[in-house]
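# Commentary on secondary and tertiary structure
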Amino acid sequence: AQSVTQPDIHITVSEGASLELRCNYSYGATPYLFWYVQSPGQGLQLLLKYFSGDTLVQGIKGFEAEFKRSQSSFNLRKPSVHWSDAAEYFCAVVRGAGGSYIPTFGRGTSLIVHP
Amino acid sequence: EPEVTQTPSHQVTQMGQEVILRCVPISNHLYFYWYRQILGQKVEFLVSFYNNEISEKSEIFDDQFSVERPDGSNFTLKIRSTKLEDSAMYFCASSELQPDTDTQYFGPGTRLTVL
């Protein structure tokens, strides 16, 4: 079965600092990969997704993620964090073609931004 | 921008009571989903719905749960006899196309508290 690991429960950064949120997945083939953000009281909003092609994916709000097959990782990055980025971030994996299309989510990483 | 809406935002009920959680998906979307998130845990898939029938469901979605699209706009999740462990945030989502390649748009969630 596919699984997703987000090893960091909380991450604290200063405003303006760079950010990297880790995500590792367990699945034999190349899955489809997603990052979602959840602000307090809001639903999940898609930041970016990877299906195939260029392994560096650009998303909304200045986020990007890089798929590394050798490390089974799909880490989310942002060069300069804004206070409004404080939220919960979820990585998700879908098996893709031929498999279940239902996403498996990680436990989430809570981002705290200090002024 | 069109969005998924959910009502109520918070539902408190007594154990054993029936609850109905309501969702209005984005109007031109064809695929609908329910997820839940127990406090502090990961988002879990419950069920997907397409063409007026369940297309996939998880182990969580047992006989106590049912879904319905009673009209052209609403999508509901019913829990027949609530248990304490049903307390969670319930998210509705929808997508225009099949979910393995298309983005799922999430609603803000309904927080269900079972006393």
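Residues numbered from 1 in each chain as written. Chains lettered and ligands numbered in written order. Predicted model: local features only at pLDDT ≥ 70, side-chain atom pairs only at ≥ 80, totals over all residues. Heavy atoms only, no water.

Contacts between the two partners involve 21 residues from chain B and, on the opposite side, 20 residues from chain A. In this assembly, chain B packs against chain A so that about 1800 Å² is buried in total across both faces, 58% of it on carbon and sulfur atoms. Applying the counting criterion to the chain B and chain A interface returns zero salt bridges. Counting every contact that joins chain B to chain A gives one residue pair in polar contact (both at pLDDT 80 or more). Elements that contribute at least two residues to the side of chain B that touches chain A include exactly strand E4 (31–37), strand E5 (43–50) and strand E6 (53–57) of chain B. When grouped by side-chain class, the residues that make up the side of chain B that touches chain A number eight nonpolar, nine polar and four charged. (Contact = heavy atoms within 4.5 Å. Buried area = accessible area lost by both parts, 1.4 Å probe. Salt bridge = Lys/Arg side-chain N within 4 Å of Asp/Glu carboxyl O. Polar contact = N/O pair within 3.5 Å; in protein donor to acceptor, adjacent residues only side chain to side chain. Helix = DSSP H or I, 4+ residues; strand = E, 2+ residues; numbered from the N terminus. Nonpolar A, V, L, I, M, F, W, Y, C, P; charged D, E, K, R; others polar.)

Moving on: the sheet that holds strand E1 (residues 5–7) of chain B. Residue and element names in this part refer to chain B. The strand order across the open sheet built from four strands is E1-E3-E8-E7, with neighbouring strands paired in antiparallel fashion. Sheet topology places E1 and strand E7 (65–68) at the edges, where each strand pairs with a single neighbour. Looking at each pair of strands side by side, their axes are set apart by 20 degrees on average, direction ignored. Here five bridges tie strand E3 (residues 19–24) to strand E8 (residues 75–79), and the two strands are oriented antiparallel to one another. Along E8, the bridge assignment pairs Cys23 with Phe75. (Pairing = 2+ DSSP bridges. Axes fitted to C-alpha atoms, helices over the stretch in contact; angles between N-to-C directions.)

This part takes up the packing of aromatic side chains. Tallied over the entire structure, the rule returns 19 aromatic pairs over all chains. Seen from their ring centres, A:Phe34 and A:Phe51 are 5.8 Å apart, and the 75 degrees between their planes marks the pair as edge-to-face. Here the residue A:Phe34 occupies a position in strand E5 (residues 32–38), and A:Phe51 occupies one in the loop between strand E6 (44–50) and strand E7 (56–58), the gap between them amounting to 17 residues. For A:Phe34, a relative accessible area of 3% translates into the label buried. Ring centres of A:Tyr50 and A:Phe74 lie 6.4 Å apart, and the angle between their planes is 45 degrees; this geometry places the pair in the tilted category. Note that A:Tyr50 is positioned in strand E6 and A:Phe74 in strand E9 (residues 73–78), a separation of 24 residues in sequence. Each of the two residues, A:Tyr50 as well as A:Phe74, counts as buried. What links up through ring pairs into an aromatic cluster is the set A:Tyr32, A:Phe34, A:Tyr36, A:Phe51, A:Phe105, B:Tyr33, B:Tyr35, B:Phe45 and B:Phe106. (Phe/Tyr/Trp six-rings, centres within 6.5 Å; stacked < 30°, edge-to-face > 60°. Buried < 20%, exposed > 50% of the residue type's maximum accessible area, 1.4 Å probe, protein only.)

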